[in-house]
Amino acid sequence: MNLKEVKDIARKKMKGVCNICRECDGVWCRGMVPGMGGAGDGSTMQRNYSKLREIRIMMKTLHNAKNPNMKYEFLGKMLETPMMIAPITGLDYNAGGSIKEEDYIDDIVNGSLECGTIAMIGDGGNPDFYKWGIEALKKVDGNGVAIIKPRENSEIIKRIKMAEEVGALAVGVDTDGAGLLVMASMGQPVGPKSKEELKELVNSTKLPFIVKGILSVEEAKIAMEAGVAGIIVSNHGGRVLNGTISAVETLTEIKKAVGDKMVVIADGGVREGMDIVKFLALGANCILVGRPVIWGSVGGRREGVKLTLDTLKNQFYQGMILTGAKNLEEINIDMVFKG
Ligand SMILES: Cc1cc2nc3c(=O)[nH]c(=O)nc-3n(C[C@H](O)[C@H](O)[C@H](O)COP(=O)(O)O)c2cc1C
């Protein structure tokens, strides 16, 4: 099985919700939430894609970066590449019935490990989604991260305990899910978090705590002051609020403000290996990949997920060679073409 075959199968199965476009730019699927697209007219998802493509990187070929080391240590866990699978839930209503939620979770948790990395499991309106994610993590000795919706703190803490029990590497909250009406309509209210509420969550666990959905220096600092171990600079794939900026536009300022005091992860629009080079050059320590993994799972199950990740990994390796980076530290802002 190759990636083209995987995508062809996924395109057939996802007919009507995802076209697996040559350019996954958020145009065909605009407004398709539920679905695979971006909210509203889809301009935020489109911006994720276009702003990342506007970044241009210098090619270099006269150097000694022959066997780049792309290993990345994430909170004590060594990964083959600075790439993890983004938390994604609600496949039953978002992916047009093309895959069952439990099967998707199984594919990403195991497919990521087979590629030398890990997945983040998510939480959704159906409380079973999180439970199934935890069950999948249990089977792999907790090798993954649990991202919980911004429910009431007492509800989050219950779910943090579940993650602790299976030995998850870290826990977190996608605070940008604060306005999700679909959660409320399913009897699972969510809302924003004050610094004090965030501190309570951080102090409720010995596990590293991550906040997903930061787009400003101001909020990155609040997270840092609350004691979080890492942030994910993200707009949720353009699905929660149309009209925001993309991670690419704010990442460098955020990294400058927080330095190495927190892990800085970023996502939105990663479709090829050079996108990882770009995100790292702009200041990320690591990236998350979202939609391409769904196609992998729908089209080829666990093998399809591994193929998707392996392809990105190989392209990233090639990108390091052709930009002269011997290791991840050598990927920096000087690589970005200023025009
Ligand atoms: C169908 C779908 C469902 C998602 N569900 C969640 C979720 O439950 N929790 C979460 O934190 N993010 C969720 N996200 C956002 C992703 O974690 C990630 O931020 C985004 O997909 C990255 O952009 P990309 O798809 O362009 O790579 C979802 C995204 C999609 C497309």
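Residues numbered from 1 in each chain as written. Predicted model: local features only at pLDDT ≥ 70, side-chain atom pairs only at ≥ 80, totals over all residues. Heavy atoms only, no water.

### Concerning the pattern of salt bridges
Part 1 of the argument: For the structure shown, the criterion picks out 21 salt bridges.
Part 2 of the argument: Residues R301 and D107 are paired through a salt bridge, measuring 2.7 Å at the closest nitrogen-oxygen approach. Of this pair, R301 sits in helix α12 (residues 291-321) while D107 sits in helix α4 (residues 101-114), placing them 194 residues apart in sequence.
Part 3 of the argument: Residue class for R301 comes out partly exposed when judged on its relative accessible area of 34%.
Part 4 of the argument: Its relative accessible area of 1% is what places D107 among the buried residues.
Part 5 of the argument: The salt bridge partner of K306 is D310, with a shortest N-O separation of 2.6 Å. (Salt bridge = Lys/Arg side-chain N within 4 Å of Asp/Glu carboxyl O. Helix = DSSP H or I, 4+ residues; strand = E, 2+ residues; numbered from the N terminus. Buried < 20%, exposed > 50% of the residue type's maximum accessible area, 1.4 Å probe, protein only.)

### Quick look at the site of the ligand
Part 1 of the argument: Taken together, 19 residues lie around the ligand, and P87, T89, D267, R271 and R291 are the ones closest in.
Part 2 of the argument: Within the side chain of D174, one N or O atom sits 3.1 Å away from an oxygen atom of the ligand.
Part 3 of the argument: Within the side chain of H236, one N or O atom sits 3.1 Å away from a nitrogen atom of the ligand.
Part 4 of the argument: Here the residues of the shell around the ligand sort into 3 nonpolar, 8 polar and 8 charged. (Near = heavy atom within 4 Å. Polar contact = N/O pair within 3.5 Å; in protein donor to acceptor, adjacent residues only side chain to side chain. Nonpolar A, V, L, I, M, F, W, Y, C, P; charged D, E, K, R; others polar.)

### A word on the pairing of strand β5 (residues 144-148)
Part 1 of the argument: The element β5 is largely enclosed, with a buried count of 5 among its 5 residues.
Part 2 of the argument: Side chains G144, A146 and I148 of β5 all project onto a buried face; the interleaved residues V145 and I147 project onto the opposite face, where all are buried too.
Part 3 of the argument: Alignment of strand β4 (residues 119-121) against β5, held across 3 bridges, turns out to be parallel. When the bridges of β5 are listed, I121 appears paired with A146.
Part 4 of the argument: Following the backbone out of β4, through helix α5 (residues 128-139) and into the adjacent parallel β5, one traces a crossover that is right-handed.
Part 5 of the argument: Bridge count between β5 and strand β6 (residues 170-174): 4 bridges; the pairing is parallel. Within β6, the residue paired with I147 across the bridge is G172.
Part 6 of the argument: The handedness of the β5 to β6 crossover, carried by helix α6 (residues 153-165), is right-handed. (Pairing = 2+ DSSP bridges. Right-handed = clockwise from strand over helix to strand, strands pointing away.)

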